Amino acid sequence: EVVVDQVYVANLDSRLDRISAVSEELLRHGLRALRFPSVGASSIRAAEARRHNESAHVGITRGHLACFLTHLALWKEIAARGWQRAWILEDDSTFVTDELRKLSERMDELQAADQQWHFVYTGRTPVSTTRALLMLEGMAPYWPERGDRRISPHVVEPGVSMGAWGYIL
């Protein structure tokens, strides 16, 4: 069963070696990924970095900005192509094989739990697991204390997250 119209893997031109493992795993499950070139941090002009840095709570690294710009470009691509559902993955994504086989079931479960969903993580780091790091870096005041809330056996309404390996729009 087709769960998404397109699978994208964000990948830096300088790290083509990283896309192979993700693509091979997806192919084993009948999914073909399209490589999407990531924005490299070094390609961001100083003026653009400053503009974004000034609007952030605290400084934003060029790496984080590059990640944001990559995903923004991906969302524009998905909208331009008219895809109803797209799966966006990072090139270092890993999979739980049994869960990958059950993706269609999990999507049905999500639809039953929330018919108006528009975004679902398929891999992320909940902030609760990185709270100590956030405190160490002085970022904790900017992250609300909100944990995950289970809404069905395999679906949670996520709390605050930091970092993602994949999501479906």
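Asks: How do you make sense of the overall build of the protein when you look at a structure like this?
Replies: Helix and strand counts for the protein come out as six helices and seven strands. Secondary structure of the protein in N-to-C order comes out as β-α-β-α-α-β-α-α-β-α-β-β-β. Counting every position in the protein, which comprises 169 residues, the buried fraction comes to 36%. Total accessible area on the protein stands at roughly 10,600 Å², and carbon and sulfur atoms take up 54% of it.

Asks: I tried to follow helix 3 (residues 62-81) on my own but got confused; where do I start?
Replies: Note on helix geometry: an α-helix contains 3.6 residues per turn, so any two residues three or four positions apart are oriented the same way. Here helix 3 spans 28 Å end to end across 20 residues, near enough to the 28 Å set by a 1.5 Å rise per residue. Buried residues of helix 3: L65, A66, L69, T70, H71, L74 and I78, and no others. Buried positions along helix 3 lie against strand 1 (6-11), strand 2 (33-37), helix 2 (46-55), strand 3 (86-90) and strand 7 (161-168). Of the residues flanking the end of helix 3, it is G82, one or two places downstream, whose phi is positive at about 75 degrees.

Asks: Please clarify how the pairing of strand 2 should be interpreted in this entry.
Replies: Two faces belong to every sheet, and in a regular strand the side chains alternate between them. In terms of strand pairing, strand 1 meets strand 2 through five bridges, oriented parallel. By the bridge assignment, A10 is partnered in strand 2 with F36. Viewed along the sheet, the connection from strand 1 through helix 1 (residues 19-28) into strand 2 turns out right-handed.

Asks: I would appreciate a short explanation of the layout of surface pockets in the present structure.
Replies: Taken as a whole, the second largest pocket holds about 1,000 Å³ of empty space. Taken together, 33 residues line the second largest pocket, and the ones lying closest to its centre are V120, Y121, T122, G123 and H154. Only strand 3, helix 4 (97-101), helix 5 (103-113), strand 4 (120-126), strand 5 (149-152), strand 6 (155-157) and strand 7 provide two or more residues apiece to the lining of the second largest pocket. Among the elements that line the lining of the second largest pocket, the one with the most residues is strand 4, at six residues. Across the lining of the second largest pocket, the residue classes tally to 18 nonpolar, eight polar and seven charged.

Definitions and limits used
- Residues numbered from 1 in each chain as written.
- Predicted model: local features only at pLDDT ≥ 70, side-chain atom pairs only at ≥ 80, totals over all residues.
- Heavy atoms only, no water.
- Helix = DSSP H or I, 4+ residues; strand = E, 2+ residues; numbered from the N terminus.
- Buried < 20%, exposed > 50% of the residue type's maximum accessible area, 1.4 Å probe, protein only.
- Areas by Shrake-Rupley, 256 points an atom, 1.4 Å probe, with all protein chains shown as cover.
- Expected span 1.5 Å × (residues − 1).
- Contact = heavy atoms within 4.5 Å.
- Pairing = 2+ DSSP bridges.
- Right-handed = clockwise from strand over helix to strand, strands pointing away.
- 1 Å grid on protein atoms, 1.4 Å probe; cavity = no way out; pocket = protein on both sides within 12 Å on 5 of 7 lines; lining within 4 Å.
- Points joined across faces, edges and corners; volume = space filled by probe spheres on them.
- Nonpolar A, V, L, I, M, F, W, Y, C, P; charged D, E, K, R; others polar.

Interpretation in functional terms is not warranted from these geometric data alone.
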